[in-house]
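# Report on the structure
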Amino acid sequence: MAPQTTSNLCRCKSCNTAFRTELPTNVPVEEWVAALYEVRCPSCGAGTGQLGIGANLSQEEDMALRIDGPADVRAANWHDRAEIGASAVSLYRYFLSGSTEGLCVPDDLSALRRCIRLLEHVPEWTERMSELSADPKWGWLAANWPRVVDLFRAEAPTLTGPAPGTQLLLAELSSEEPL
Ligand SMILES: [Zn+2]
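If you're wondering where the values come from, they're calculated on a predicted model, not measured in any experiment. (Residues numbered from 1 in each chain as written. Predicted model: local features only at pLDDT ≥ 70, side-chain atom pairs only at ≥ 80, totals over all residues. Heavy atoms only, no water.)

## Side note on the sheet that holds strand β3 (residues 51–53)
In a beta sheet, neighbouring strands pair by backbone hydrogen bonds and run either parallel or antiparallel. Which entries qualify depends on this criterion: Two strands are counted as paired when DSSP detects at least two bridges linking them. Going along the chain from the N terminus, every DSSP run of H or I of four or more residues is numbered as a helix, and every run of E of two or more is numbered as a strand. Under this scheme, a helix contributes an axis fitted over its contacting stretch, all axes are lines through C-alpha atoms, and angles between N-to-C directions fall in the 0 to 180 degree range. The contact criterion used is simple: two residues touch if any of their non-hydrogen atoms lie within 4.5 Å.
The sheet built from three strands is open, its strands ordered β2-β1-β3 with antiparallel pairing. The open sheet has two edge strands, β2 (18–24) and β3, and neither has a second partner. Averaged over all neighbouring strand pairs, the angle between strand axes comes to 40 degrees, with direction disregarded. The sheet contact formed by strand β1 (residues 5–12) and β2 spans seven bridges and is antiparallel. Note that in β2 the partner of N8 across the bridge is T21. In this fold helix α1 (residues 29–38) packs onto β2 and β3, with an angle of close to 155 degrees to the strand it touches most, β2.

The following block contains the structure:
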(Lines give C-alpha, C1' and ligand atoms only; values in the text may rest on other atoms or scores of the structure.)
Protein backbone atom coordinates (compact mmCIF):
# COMPACT_ATOMS: atom_id res chain seq x y z
CA MET A 1 0.00 0.00 0.00
CA ALA A 2 1.31 3.44 -0.88
CA PRO A 3 2.19 5.48 2.18
CA GLN A 4 -0.51 7.96 3.07
CA THR A 5 0.15 11.06 5.06
CA THR A 6 -1.74 14.01 6.37
CA SER A 7 -0.25 17.47 6.53
CA ASN A 8 -0.42 19.02 9.98
CA LEU A 9 0.16 22.62 10.93
CA CYS A 10 2.28 22.85 14.10
CA ARG A 11 3.48 25.73 16.20
CA CYS A 12 6.67 25.69 18.27
CA LYS A 13 6.11 26.78 21.87
CA SER A 14 9.80 27.72 22.20
CA CYS A 15 10.16 30.13 19.27
CA ASN A 16 6.52 30.49 18.03
CA THR A 17 7.37 29.37 14.47
CA ALA A 18 4.44 27.78 12.61
CA PHE A 19 5.28 25.01 10.13
CA ARG A 20 3.68 22.08 8.33
CA THR A 21 4.70 18.48 8.85
CA GLU A 22 3.54 15.24 7.24
CA LEU A 23 2.43 12.36 9.46
CA PRO A 24 1.52 8.86 8.24
CA THR A 25 -2.14 7.83 8.51
CA ASN A 26 -2.25 4.13 7.55
CA VAL A 27 0.32 2.75 9.99
CA PRO A 28 0.16 1.10 13.43
CA VAL A 29 -0.11 3.65 16.22
CA GLU A 30 3.48 2.94 17.46
CA GLU A 31 4.80 3.95 14.03
CA TRP A 32 2.67 7.07 14.05
CA VAL A 33 4.00 8.00 17.50
CA ALA A 34 7.57 7.28 16.37
CA ALA A 35 7.08 9.59 13.36
CA LEU A 36 5.65 12.24 15.67
CA TYR A 37 8.73 12.06 17.90
CA GLU A 38 10.97 12.70 14.90
CA VAL A 39 9.33 16.05 14.19
CA ARG A 40 11.58 19.02 14.95
CA CYS A 41 10.96 22.75 14.77
CA PRO A 42 12.71 23.88 11.54
CA SER A 43 13.65 27.15 13.18
CA CYS A 44 15.07 26.23 16.62
CA GLY A 45 15.16 22.42 16.54
CA ALA A 46 12.83 21.93 19.52
CA GLY A 47 11.30 18.45 19.69
CA THR A 48 7.78 17.09 19.99
CA GLY A 49 7.34 18.07 23.64
CA GLN A 50 7.56 21.73 22.60
CA LEU A 51 5.30 21.50 19.56
CA GLY A 52 1.55 22.08 19.41
CA ILE A 53 -0.31 20.39 16.56
CA GLY A 54 -3.35 22.08 15.01
CA ALA A 55 -2.14 25.69 14.83
CA ASN A 56 -3.71 28.64 13.03
CA LEU A 57 -1.66 30.99 10.87
CA SER A 58 -1.83 34.69 11.61
CA GLN A 59 -2.47 37.11 8.75
CA GLU A 60 1.24 38.08 8.80
CA GLU A 61 2.38 34.47 8.68
CA ASP A 62 0.06 33.73 5.77
CA MET A 63 1.21 36.83 3.91
CA ALA A 64 4.83 35.77 4.37
CA LEU A 65 4.05 32.54 2.50
CA ARG A 66 2.70 34.30 -0.61
CA ILE A 67 4.77 34.03 -3.78
CA ASP A 68 4.69 35.35 -7.34
CA GLY A 69 4.18 33.18 -10.40
CA PRO A 70 1.46 31.48 -12.45
CA ALA A 71 -1.84 30.63 -10.73
CA ASP A 72 -1.15 26.88 -10.55
CA VAL A 73 2.25 27.49 -8.91
CA ARG A 74 0.74 29.85 -6.34
CA ALA A 75 -2.06 27.36 -5.72
CA ALA A 76 0.40 24.51 -5.14
CA ASN A 77 2.39 26.74 -2.79
CA TRP A 78 -0.80 27.49 -0.83
CA HIS A 79 -1.65 23.78 -0.68
CA ASP A 80 1.83 22.77 0.54
CA ARG A 81 2.55 25.56 3.00
CA ALA A 82 -0.51 27.49 4.15
CA GLU A 83 -3.29 26.62 6.58
CA ILE A 84 -5.53 24.08 4.85
CA GLY A 85 -8.82 22.38 5.69
CA ALA A 86 -11.51 20.30 4.01
CA SER A 87 -13.58 23.10 2.47
CA ALA A 88 -10.59 25.15 1.25
CA VAL A 89 -8.94 22.06 -0.26
CA SER A 90 -12.20 21.11 -1.98
CA LEU A 91 -12.36 24.61 -3.52
CA TYR A 92 -8.71 24.29 -4.61
CA ARG A 93 -9.49 20.94 -6.30
CA TYR A 94 -12.56 22.40 -8.01
CA PHE A 95 -10.65 25.37 -9.44
CA LEU A 96 -7.86 23.11 -10.71
CA SER A 97 -9.94 20.24 -12.09
CA GLY A 98 -13.49 21.60 -12.47
CA SER A 99 -14.79 18.62 -10.49
CA THR A 100 -17.53 19.34 -7.97
CA GLU A 101 -17.17 15.87 -6.46
CA GLY A 102 -16.36 16.03 -2.76
CA LEU A 103 -17.00 19.76 -2.50
CA CYS A 104 -17.61 20.77 1.08
CA VAL A 105 -18.61 24.14 2.46
CA PRO A 106 -17.02 26.01 5.37
CA ASP A 107 -18.94 25.22 8.55
CA ASP A 108 -17.25 27.77 10.80
CA LEU A 109 -15.27 31.00 10.67
CA SER A 110 -11.89 29.23 10.64
CA ALA A 111 -12.90 27.20 7.59
CA LEU A 112 -14.22 30.36 5.94
CA ARG A 113 -10.89 32.11 6.66
CA ARG A 114 -8.95 29.29 4.97
CA CYS A 115 -11.15 29.61 1.85
CA ILE A 116 -10.66 33.39 1.75
CA ARG A 117 -6.91 33.02 2.18
CA LEU A 118 -6.76 30.53 -0.71
CA LEU A 119 -8.32 33.24 -2.87
CA GLU A 120 -5.76 35.75 -1.58
CA HIS A 121 -2.98 33.46 -2.81
CA VAL A 122 -4.80 33.00 -6.14
CA PRO A 123 -6.95 36.18 -6.55
CA GLU A 124 -7.94 35.35 -10.14
CA TRP A 125 -10.07 32.50 -8.77
CA THR A 126 -12.32 34.99 -6.92
CA GLU A 127 -14.29 35.79 -10.06
CA ARG A 128 -14.86 32.05 -10.57
CA MET A 129 -16.77 31.76 -7.28
CA SER A 130 -19.98 32.56 -9.16
CA GLU A 131 -19.50 29.31 -11.14
CA LEU A 132 -20.50 27.53 -7.95
CA SER A 133 -23.74 29.43 -7.42
CA ALA A 134 -25.74 26.53 -8.90
CA ASP A 135 -23.95 23.90 -6.83
CA PRO A 136 -26.28 22.25 -4.29
CA LYS A 137 -23.73 22.56 -1.49
CA TRP A 138 -21.86 25.76 -2.31
CA GLY A 139 -24.65 27.64 -4.11
CA TRP A 140 -25.96 29.72 -1.21
CA LEU A 141 -22.48 30.81 -0.16
CA ALA A 142 -21.09 31.33 -3.68
CA ALA A 143 -24.06 33.52 -4.58
CA ASN A 144 -23.42 35.69 -1.51
CA TRP A 145 -19.62 35.45 -1.48
CA PRO A 146 -18.72 39.19 -1.72
CA ARG A 147 -21.24 40.04 1.01
CA VAL A 148 -19.92 37.36 3.38
CA VAL A 149 -16.26 38.28 2.79
CA ASP A 150 -16.90 42.02 3.19
CA LEU A 151 -18.74 41.49 6.47
CA PHE A 152 -16.05 39.15 7.81
CA ARG A 153 -13.29 41.67 6.97
CA ALA A 154 -15.28 44.49 8.55
CA GLU A 155 -15.75 42.51 11.77
CA ALA A 156 -12.31 40.87 11.90
CA PRO A 157 -9.81 42.57 9.56
CA THR A 158 -7.22 39.80 10.01
CA LEU A 159 -9.90 37.10 9.66
CA THR A 160 -9.15 35.85 13.16
CA GLY A 161 -11.04 36.55 16.36
CA PRO A 162 -14.78 36.89 16.90
CA ALA A 163 -17.10 37.89 14.04
CA PRO A 164 -20.61 37.25 15.39
CA GLY A 165 -22.42 38.92 12.47
CA THR A 166 -20.55 36.78 9.94
CA GLN A 167 -21.32 33.67 11.96
CA LEU A 168 -25.03 34.56 11.97
CA LEU A 169 -25.00 35.31 8.24
CA LEU A 170 -23.32 31.95 7.51
CA ALA A 171 -25.92 30.14 9.60
CA GLU A 172 -28.78 32.08 7.99
CA LEU A 173 -27.55 31.49 4.43
CA SER A 174 -26.85 27.80 4.99
CA SER A 175 -30.42 27.24 6.18
CA GLU A 176 -31.87 28.69 2.95
CA GLU A 177 -33.03 26.44 0.15
CA PRO A 178 -30.45 25.99 -2.60
CA LEU A 179 -30.95 28.24 -5.63
ZN1 LIG B 1 11.15 26.56 17.47
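Back to the write-up after that little detour.
## A few points about the domain arrangement of the chain
Threshold: Segment limits for the domains were obtained from an automatic or database-derived domain assignment. The quantity reported as buried area is the accessible area (1.4 Å probe) lost by two parts once they are put together, taken as the sum for both. Any Lys or Arg side-chain nitrogen located within 4 Å of an Asp or Glu carboxyl oxygen qualifies as a salt bridge. Distance and chemistry together define a polar contact, namely a pair of N or O atoms within 3.5 Å, with one atom able to donate a hydrogen and the other to accept it when in protein, and with adjacent residues in sequence counting only for side-chain atoms on both sides.
Partitioning the chain into structural domains gives domain 1 (5–53) and domain 2 (59–174). Taking the mean C-alpha position of each, domain 1 and domain 2 sit 26 Å from one another. With six residues of domain 1 at the contact, the number on the domain 2 side is eight residues. Roughly 390 Å² of surface becomes buried between domain 1 and domain 2 when both sides are summed, with 38% attributable to carbon and sulfur atoms. Looking at the side of domain 1 facing domain 2, the largest losses of area belong to L9, R11 and R20, adding up to 85% of the total buried there. Counting across the domain 1 and domain 2 interface gives one salt bridge. E61 is the salt-bridge partner of R11, the closest N and O atoms lying 2.8 Å from each other. Between the two partners, domain 1 and domain 2, sit four residue pairs in polar contact (both at pLDDT 80 or more). Mapped onto the side of domain 1 that touches domain 2, the elements with two or more residues apiece are β1 and β2. Among the elements that line the side of domain 1 that touches domain 2, the one with the most residues is β1, at three residues.

## A look at the packing of aromatic side chains
To be explicit about the condition: Between rings of Phe, Tyr and Trp, where Trp is taken as its six-membered ring, a pair exists when centres lie within 6.5 Å; planes separated by under 30 degrees are stacked, by over 60 edge-to-face, and by other angles tilted. Each residue is assigned to one of three classes by its accessible area relative to the maximum for its type, calculated with a 1.4 Å probe on protein chains only: buried under 20%, partly exposed between the two thresholds, exposed over 50%.
Across all of its chains, the model carries four aromatic pairs by this definition. Arranged with centres 5.6 Å apart and planes meeting at 40 degrees, the rings of W78 and Y92 form a pair that is tilted. Pair noted here: W78 is in helix α3 (residues 71–81) and Y92 is in helix α4 (residues 86–97), with a separation of 14 residues, a long-range link. Judged by relative accessible area, Y92 falls into the buried class, the value being 12%. Members of the aromatic cluster, joined through ring pairs, are Y94, F95 and W125.

## Section: the pattern of salt bridges
Inspection of the entire model under this criterion finds nine salt bridges. R113 is the salt-bridge partner of E83, the closest N and O atoms lying 2.8 Å from each other. Taken together, the residues E83 in the loop between α3 and α4 and R113 in helix α5 (residues 109–121) connect sequence positions 30 residues apart. Taking relative accessible area as the criterion, E83 reaches 5% and is therefore assigned buried. The exposure class of R113 is buried, given its relative accessible area of 3%. Salt bridges linked by common partners bring D62, R66, E120 and R153 together as one network.

## Some remarks on the coordination of the zinc ion
Under the convention used in this document: Any nitrogen, oxygen or sulfur atom within 2.8 Å of a metal ion counts as a donor, with the limit raised to 3.2 Å for Na, K and Ca, and since water is left out, coordination shells can look unfinished. Key to geometry: four donors with every angle between 85 and 135 degrees are tetrahedral; four donors are square planar and six octahedral where opposite donors lie over 155 degrees apart and all remaining angles lie between 65 and 115; all other sites are irregular.
Around the zinc ion, the protein contributes the donor atoms C12 (SG), C15 (SG), C41 (SG) and C44 (SG), which lie 2.3 to 2.4 Å from the metal centre. Note that the zinc ion binds four donor atoms; their angles at the metal cover 105 to 116 degrees, and the shape is tetrahedral. Look at where the donors of the zinc ion fall in the sequence and you get C-x2-C-x25-C-x2-C. A relative accessible area of 1% means that C12 is categorised as buried. On the accessibility criterion, C15 (32% relative accessible area) is partly exposed.

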